[in-house]
Amino acid sequence: MTNVLHRALRPLRVVRLGRALAAALCLSLLAVVAPAFAQDEPDDAALRALVQEFVGAEGNYRDTSAIVDRIAALADPGGVSVLNTLNAGRLYFRNSDRVVFAGTDLGATLTMADPVTGEALGEVVKREATAIRVNNAVRRSIRTAMSSLTLLSPDRATRLSAAQTIFTNRDATNLPLLEEAIAEETNAGVLRVMQQARAAIIVANADIPEEERIAAVAVLSDRGDQAALNVLRQLAAGEGAVAEAAERGVSRIETAQIFWGIGQNLWFGISLGSVLLLAAVGLAITFGVMGVINMAHGEMVMIGAYTVFVVQDIIRASGNAGLIEWALPIAIPIAFLVTAGIGMGIERGVIRWLYGRPLETLLATFGISLALQQAARSIFGSSNVLVSSPSWMSGSFSVGQLNFNYSRVYILLFAIMVFMALILVLRRTALGLQMRAVTQNRRMASAMGIHTPRVDMFTFGLGSGIAGLAGVALSQIDNVSANLGQAYLVDSFMVVVLGGVGNLWGTFVGAFGLGVTNKFLEPYIGQGDAVIAKIIVLVAIIVFIQWRPRGLFALKGRAIES
């Protein structure tokens, strides 16, 4: 009987034991979670007390700056909101009870919000509130304080920006917090900038031991940019071992900057060359195949740029804001078709009647150029139009001391893609075969059954379409106006003549060669004297053509050689 009772009561014991364990687990969990919930309530009493002190310091900028410094010393995240509000001139106190609040001007009244949390507190008549004023000295204190407050931010970009600001300001009061941030930093890039900011503060402090200052000089020397060079130059003007180390650092950075400068000029030249390639490759087709000096080629570039503006305007009018990021890719085929169609219309309407008469062709296309410019001014106005860039083309990145704009990188890739696509068209399609045949010997191609007038029309359309693609690219880096294409017309002709008329690979080499040459000449001629650099290049090309009349890469063919 007892065994039977034990067996019957055993499930009840298990249930009770389970309940006891569950209760213990809940109590343990509550003991762990309760402090966390308690910590969610910010202890900002000290910050709020300092904010109230702005009332007594109102009008005394020195005391206001001192309060800002004390807010920074608290390292309370809420201080960022307070200082931002103060810097924006939106920190007020109510005259009746001296309560400080963040105000937004509504005309006769101000909305009131908690300066720390942003919680709405109602409204107050403007004349019943007093603004807490700041001057330039207070703003400098705010910038320094913001840097120190953001050093411990969970956001990497915020910490990086704060470290860079401290490096620029080199305020010794930030050193303790900077060292604390260095001890906690886990990101290698941010840590490096923090250490450089610390070094910039240490080298200027004569009270710090000499060995530590010399080590800081080495850190700045490793940074190697212009900002570090300026710091070390100031230090090298003194005397002693630290000044000698700084002088060696200056010499090291200046030597490195020569090589970085060469690399940067090379990139600028390649970037300019990609633009020239886009602008000139279409001209190389029409000039090489048809022998037409097309003075309206620049206007095809301009129409391509305006096409991007029109596409963006249509997307904005449709209310589809998410599609605006894709306006540029959408505009690429549209710009090609629009400018190719206009080019074929010009060829059929005007140019086909003037083959073999180069002077008349030049004058006719120059007249078309003026007409298209005036049409653009009548439709879009004489001022520049705004063409926005997608977010993925904005900003820049660095490799060592080399800076690269994303827009320029994308344009370089786009230019190479267009060039390679054109090579494929010429080598792998029937139209390309016919174009090459007409280029080499027009009469023989006609005798073999090639309809040369149709080839001329499609060739002119293809060259104009590629010029439209150049306009799409230029809309991201240049002002879009009726004069856009004219700035690149002379350079395009120089590229085509230098590379060899009708030779695409010659155009490729000529574009990048001219771009790099221009950018390497500009620093030696003088800042802002790009026009003189172009004149020198033009004279050099004229001398070169006297030596090689057909350019770098002359086309082969019976008609050409006769």
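The next thing to look at is helix α6 (residues 156-169). For α6, which comprises 14 residues, the first-to-last C-alpha distance of 20 Å matches the rise-based estimate of 20 Å (1.5 Å per residue) to within 8%. For α6, the set of buried residues is Arg 159, Leu 160, Ala 162, Ala 163, Ile 166 and Phe 167. For α6, the angular spread of the buried residues around the axis is 160°, confining them to a single face. Positive backbone phi, approximately 55°, marks Arg 170, located one or two places after α6.

Turning to the pattern of salt bridges, a few remarks are in order. All chains considered together, the criterion is met by 11 salt bridges. Linking Arg 198 and Glu 179 is a salt bridge whose minimum nitrogen-to-oxygen distance equals 3.3 Å. With Arg 198 in helix α8 (residues 188-203) and Glu 179 in helix α7 (residues 175-184), the pair connects residues that are 19 residues apart, well separated along the chain. Among the residues examined, Glu 179 registers a relative accessible area of 35% and is labelled partly exposed. Between Arg 233 and Glu 254 there is a salt bridge whose closest N-O contact spans 2.8 Å. Taken together, the residues Arg 233 in helix α10 (residues 226-236) and Glu 254 in helix α11 (residues 241-290) connect sequence positions 21 residues apart. Sharing partners across several salt bridges, the network here consists of Glu 179, Arg 198 and Glu 212.

Phi at Arg 98 takes a positive value of approximately 60°, unusual for a residue other than glycine. Here Arg 98 lies in the loop between β1 (91-94) and β2 (100-105). According to the relative accessible area criterion, Arg 98 is partly exposed, its value standing at 41%.

Taken N-terminus to C-terminus, the directions of helix α2 (residues 45-57) and helix α3 (residues 61-74) make an angle of 175°; their axes are 9 Å apart at the nearest point. In terms of orientation, α2 lies roughly antiparallel with respect to α3. Contacts between α2 and α3 involve Ala 46, Leu 47, Leu 50, Glu 53, Phe 54 and Ala 57 on the former and, on the latter, Asp 63, Thr 64, Ile 67, Val 68, Arg 70, Ile 71 and Leu 74. Split by residue class, the contact of α2 with α3 holds 9 nonpolar, 1 polar and 3 charged.

Moving on to the sheet that holds strand β4 (residues 120-125). On the basis of which strands lie adjacent, the open sheet formed by 5 strands has the order β4-β3-β2-β1-β5 and antiparallel pairing. What marks the edges here is a single partner per strand, and that holds for β4 and β5 (129-131). Here the strands of the sheet are splayed against their neighbours by 40° on average, with no regard to which way each runs. Inspection of the sheet shows β1 paired to β5 by 3 bridges, in the antiparallel sense. Looking at β5, one finds that Phe 93 is bridged to Thr 130.

This brings us to the packing of aromatic side chains. Evaluation of the coordinates by the stated rule reveals 11 aromatic pairs. Consider the rings of Tyr 306 and Phe 380, whose centres lie 4.2 Å apart with planes at 10°: the pair is stacked. Here Tyr 306 is found in helix α12 (residues 297-318), whereas its partner Phe 380 is found in helix α14 (residues 358-380), with 74 residues between them in sequence. The class for Tyr 306 is buried, based on a relative accessible area of 3%. An aromatic cluster of three or more residues is present, and its members are Trp 267, Phe 397, Phe 404 and Tyr 406. Residue placement shows Arg 223 over the ring face of Phe 167; its charged tip is 3.9 Å from the ring centre.

Formed by 77 residues in total, the largest nonpolar core has its most connected members in Leu 278, Ile 285, Tyr 306, Leu 422, Ile 466 and Leu 504. By residue number, the principal contributor to this core is α11, which donates 14 residues. Not counting the four nearest positions on each side in its chain, Leu 504 is found in contact with Val 281, Ala 284, Ile 285, Phe 419, Leu 422, Ile 423 and Leu 426. Counting 34 residues, the second largest nonpolar core, distinct from the first, contains Leu 177, Ile 182, Ala 200 and Val 250.

Now for the environment of Thr 158. Following the sequence through the fold, Thr 158 ends up in helix α6. Spatially, the C-alpha atoms of Thr 158 and Val 190 are 9.8 Å apart, while their sequence positions differ by 32 residues. Beyond its immediate chain neighbours, meaning those up to four positions away, Thr 158 contacts Thr 150 and Ser 153.

It is worth spelling out a nonpolar patch on the surface at this point. Residues Leu 323, Trp 326, Ile 330, Ile 334 and Val 338 make up a contiguous nonpolar surface patch of about 400 Å² in total accessible area. Position of Ile 334 relative to the elements: it lies in helix α13 (residues 327-349). Judged by its relative accessible area of 36%, Ile 334 falls in the partly exposed class.

Calculation notes
Residues numbered from 1 in each chain as written. Predicted model: local features only at pLDDT ≥ 70, side-chain atom pairs only at ≥ 80, totals over all residues. Heavy atoms only, no water. Helix = DSSP H or I, 4+ residues; strand = E, 2+ residues; numbered from the N terminus. Expected span 1.5 Å × (residues − 1). Buried < 20%, exposed > 50% of the residue type's maximum accessible area, 1.4 Å probe, protein only. Arc of directions from axis to C-beta. Salt bridge = Lys/Arg side-chain N within 4 Å of Asp/Glu carboxyl O. Axes fitted to C-alpha atoms, helices over the stretch in contact; angles between N-to-C directions. Parallel < 35°, antiparallel > 145°, perpendicular 65-115°, else oblique. Contact = heavy atoms within 4.5 Å. Nonpolar A, V, L, I, M, F, W, Y, C, P; charged D, E, K, R; others polar. Pairing = 2+ DSSP bridges. Phe/Tyr/Trp six-rings, centres within 6.5 Å; stacked < 30°, edge-to-face > 60°. Lys NZ or Arg CZ within 6 Å of the ring centre and 35° of its normal. Core = buried A, V, L, I, M, F, W, Y, C linked by side-chain atoms within 4.5 Å. Patch = residues over 30% accessible without salt bridge, like charges linked within 9 Å, V, L, I, M, F, W, Y side chains within 5 Å. Areas by Shrake-Rupley, 256 points an atom, 1.4 Å probe, with all protein chains shown as cover.

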